[in-house]
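# Coordinates in review
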Amino acid sequence: MTMVDDAIAQPPAVGRFSRRSFRAKFILVVGAAVLFDLMLGGGIAIWNVQRLSHNATQQVGEGLTEASEEYLRTYINTTAERADLLLDQVHSEVESLANSMQGLIDNPDLRQDLGTTIEANPQLRDDLVYDATGNWAQNTGGASVISVWSYLLGPDKKPLPEVDALVKQSAAFNLFAPALLATGAPKLQMYYVGPKDRPIMRTTPYSQQAQTFDKLYPGHNNMNFWDFFFPGVYEGWQNWIKDPSSRKVPSLITTTAPYIDAITGKLIVSFFHPLWTKDRSDVAGMTAADITLDQLASVVQSVNIAKTGFGFLAMSNGNVIATSKAGEEILGLTSSDVGGQGVTGINRSLRNSSQSAIASLQLPQDQSTTIKHIFLNRGGEDVPYLVVLKQLRPANLWDGKNIVEETMSLGFVVSEREIYQALIAAQDNISKATSRIVDYQLLAVLVSLIIVLMAVFAISGRITAGLSALTDAARRLQKKDYSVRVSVSTRDEIAEVGHAFNRMAEEISFHTENLERLVDERTRELEDANEEITTLNERLKSENVRLGAELDIARHIQMMVLPKANELNDIQQIEIAGYMAPADEVGGDYYDVLHESGRVKVGIGDVTGHGLESGVLMLMVQSVARALQEKGSDDPKMFLEVLNRAIYKNIERTNSDKHLTLAFLDYHDRNVTLSGQHEDVLVIRRDGAMERIDTGDLGFPVGLESDISAFVATRNLPFESGDIIILHTDGVTEAESPSGELFGFDRLCASAHDYRSGGADEIVRGIIADLMAHIGTQKIHDDITLVVMRHR
C-alpha cells in the first residue's frame, strides 16, 4: 500500500446508538411508519365521526326546520281564518240590517204603515227638538239618536216634508238595529244614513251625536253629510250601478281604513252597506256598523310564538293597523295621525321603518303563505328573524277618495334563535359529542404511538445486534485484518449477511494477491448493483402510478364541485347546461351556477395554465364564490371585489404566479347583470339576432392586484323568453384543427345559430360536436368550457 492509500480520509466512527446509527434510523423509520399508520387510521376514524356528525346535524336541522315552518304556516292560516271569520260576522250583521231596511224600501206601502205605527208608539217615536245653537234638530232620547241637519230644515226649523217622511219611514231602524247591536260580534254602534238629498242619520245606541259633531267637525252642518265625511263613497256606489264590472270584490260591504271615531274617540273600522232605490237605479242611503280596532287587534295580539314572537296586520300599502307594543318597537315603526275629510286615521307604515329589512319587505301578492328570512338590528347586532305572511280575503275599501280593492296581510315575526332553539340545542349537543369522540380518538392514537415506540426501542437492540457485530468486523477488515470473522446467533437475513461477510473476508484474504479475479468480483458486484438500480426503477414506476392516481382523485374532486343536473333543473326561469373538459389531468377552467331566493349567478373563468396548481386555484374561486353567495352578497361589483381580495391573499401565501380571468352573470326578473373581465359573451335573441358583448372594460384579472375596485363595472342586458346567452373559455375559440386553423368566434356563432331552436343541452351538444369535428386528430392544448343559458 502506498502513502496515498494511507492518506484516504476515513469515515467518522458510528456509535451503537448515535444519530447516524442503523438502530436510530430503524427506530425513526419504523416509528414514522407506525405514526403514519396510526394517523391514517385515526384520521379516517375522525373523518367518519365528523361526517356522521355533519349528516346527523343536517338531518336533524332539516327535520326541525320543516316542522317549525309547518307549525308557523298552520298557525298563521288559523289566525287569518279567525280574522276573516270576525270580519265575516260583522259583514253578515250589517247585511242583515241592510236587507231589513232594503225590504221596506222595496215595499213602500209597508214601509209607510210601519213607520206610522212606530211613530204612534210613545216609546219608539222620534220627538225632534230644534237646537238654535247648533242649527239642527235631534230627538231627546229613544232606541236611537236621529239627527236632521240645518240644510234639511225648512224656514220653520222643522224637517222639510220629504225629510219628515223619511224620518217616519226609517223609524223601523229602531226595531232592527238595537237587536242586532246586542247580539253577534261586539259592535260599537250601528247606524243608518239617508240618500244624498236627505242624509238624515240614525245611530244606536243613543248618544249626543249632533253636539259631538259640532265640537269635533266645525262646518259639517253647512255641507252635505256624504261630501263632508265620506267623499267618493256615494259616487262609487252609483258607479257600481252604471258599471257592475267596476266592483272588484263581490261583496257590497265597503270598509274604511282605521280612523278615530268622533263620538267615542276610539280607533274604529266602519263597514258600509249601500241601500238601493226600488228600481235599483240609484243609491237610497246606507246601513253601517262600527267595530273598534281592538277586536281585530286582539286576534293579532293573541299570537304567541316562542317567547317574543308577535303578529301584525297591515294594509296593502304597508300601513300597520294592529300589532303589540313590542312588535311596534321590533319592526321599527313610528306612528303619526293622518287627517282626512271628516275623519282622522293613523299612519304606521312598514315603508317608514327604521329597519331596512322591514322597509323593503314585500307583502304577499296572492293567497299563498310565504316565509322570509331577514336580519333586524337589535342592540347593534344583526339578529336573524323569520317573517311569515298571509293575505286575508279581499274587501272593498274607501281610501278617502274612491272605493278600491284592498287585501290586508297578516304577518308573524319571530326570532330564529327562539323558534329554532331546539334545533340549535340539538346541533350543539351533537357538536359536543363529536368533539369528545375526536378528543378520545386523538388520545388513543397518542397512547398507541407511545406504546409502539417503546416496544420498537426495546426490540431494536436485539434486531440491530447483528448489524453492530458486522460494523465492528467491517472496521477491522478496513484495517486489513483479513482474519476477522462475524458470529451472529440469529437466524434471519442479518445472519445470512454475517455468513456472507465471513465468506467475503475469506475471499478477500484469498484473492488479495489476485487482482484480476478481484476485478471480476467487482464486476459481479456491479451487476448486483445494476439489479438494485433496476429494482429502484421499478419502484419509481410504481410511485409514478401512485402520483397519477392522486392526480386522478384531484380531477375527480374538481368535477364533483361542478353544478349537478338536479341543481340546474330546480331553476324555474332559465335552462342552463354546461360542458367542461380539462386538457390535463386537472384543469384550470372554472364555471359554476349559484341559485338562491329567485336569483341566479353564473360564473365562468380561466386560470393561467392548467394542471394541479391551476385546478387548486379554480377550487379556491368556487369555494369563495359559494361562501359569498350563501352570505347574501347580491351587489355584483362588491361580490367580485371581495372574491379578488380573498384569492389574491391565497395566491400570495402560496407564492404562486397564477391568476385568472373571471366574469359573472346575475339573473333576476328577465334581466342579466354582467360583471368581470373574460371572453366575449354571445347573446342570441328570440328572433335570431346575435349580439357580441365585450367584457374587457368590466373588470381586471383576478389575483394580480389586491384591490380591483377601480376596474370593476357592470352591464345590464335584457334577457327575455326565448333568448340565449353563451359563455366560453378560450379553449373553445383557440382550439386548432390538424392544419393549425383556429375554431374562432365566428364558427362558434354559426354553430350556436344552427342549434338555437333546441334546448340548452341540445345547443351544448351541438356546439361541442362541431368543435370536436374541427379538432379532429389534433391534440387538445387547453381546457374547454362551454355554458349555455336559455330563457324558458
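Residues numbered from 1 in each chain as written. Predicted model: local features only at pLDDT ≥ 70, side-chain atom pairs only at ≥ 80, totals over all residues. Heavy atoms only, no water.

Sheet architecture is open: 5 strands sit in the order β19-β28-β27-β24-β25, paired in antiparallel fashion. Of all the strands in the sheet, just β19 (574-581) and β25 (690-693) have a single pairing partner and so form its edges. Ignoring which end each strand starts from, the neighbouring axes of this sheet average 15 degrees apart. Packing of helix α21 (residues 760-775) onto the sheet brings it into contact with β19, β27 (724-728) and β28 (784-791), and relative to β28 it is tilted by some 150 degrees. (Pairing = 2+ DSSP bridges. Helix = DSSP H or I, 4+ residues; strand = E, 2+ residues; numbered from the N terminus. Axes fitted to C-alpha atoms, helices over the stretch in contact; angles between N-to-C directions. Contact = heavy atoms within 4.5 Å.)

Bringing helix α17 (residues 612-631) into the picture now. Under the 1.5 Å per step criterion, the end-to-end length of α17 is 29 Å for 20 residues, consistent within 8% with the ideal 28 Å. Among the residues of α17, those classed as buried are Ser614, Gly615, Leu617, Met618, Val621, Gln622, Val624, Ala625, Leu628 and Gln629. (Expected span 1.5 Å × (residues − 1). Buried < 20%, exposed > 50% of the residue type's maximum accessible area, 1.4 Å probe, protein only.)

Inspection of the secondary structure puts Thr292 in strand β9 (residues 283-292). What makes Thr292 buried here is its relative accessible area of 10%.

This part takes up the nonpolar core. Residues Ile200, Phe225, Trp237 and Leu313 are the most contacted members of the largest nonpolar core, which totals 84 residues. Take this core: its biggest share by element is 12 residues, from helix α2 (residues 22-106). If we skip the residues at most four places from it in the chain, Trp237 touches Trp226, Thr254, Phe272, His273, Pro274, Trp276, Val283, Gly285, Met286 and Ile403. One finds Tyr590, Val600, Val624 and Leu698 within the second-largest nonpolar core, a separate group that totals 45 residues. (Core = buried A, V, L, I, M, F, W, Y, C linked by side-chain atoms within 4.5 Å.)

In this section: the pairing of β27. Most of β27 sits inside the fold, with 5 of its 5 residues counted as buried. With burial as the criterion, each face of β27 is covered, one bearing Ile724, Ile726 and His728 and the other bearing Ile725 and Leu727. Sheet analysis places strand β24 (residues 681-684) next to β27, joined by 3 bridges and oriented antiparallel. Residue pairing for β27: Leu682 is matched across the bridge by Ile726.

The subject of this paragraph is the confidence of the model for the protein. On average, residues of the protein score 84 in pLDDT, and 86% of them reach the 70 mark or higher. Segment residues 1-9: pLDDT under 50, and 1 contact once partners within four positions in sequence are set aside and those in other chains are kept. (pLDDT = per-residue confidence, 0-100.)

It is worth spelling out the side chain of Asp589 at this point. Its location among the elements puts Asp589 in strand β20 (residues 589-596). As a buried residue without a salt bridge, Asp589 has its nearest oppositely charged side chain in Lys658, at a separation of 11 Å. A polar side-chain atom of Asp589 sits 2.9 Å from a polar atom in the side chain of Thr729. Looking at Asp589, its side chain comes within polar contact range of the side chain of Thr785, at 2.8 Å. (Lys, Arg positive; Asp, Glu negative; His and termini not counted. Salt bridge = Lys/Arg side-chain N within 4 Å of Asp/Glu carboxyl O. Polar contact = N/O pair within 3.5 Å; in protein donor to acceptor, adjacent residues only side chain to side chain.)

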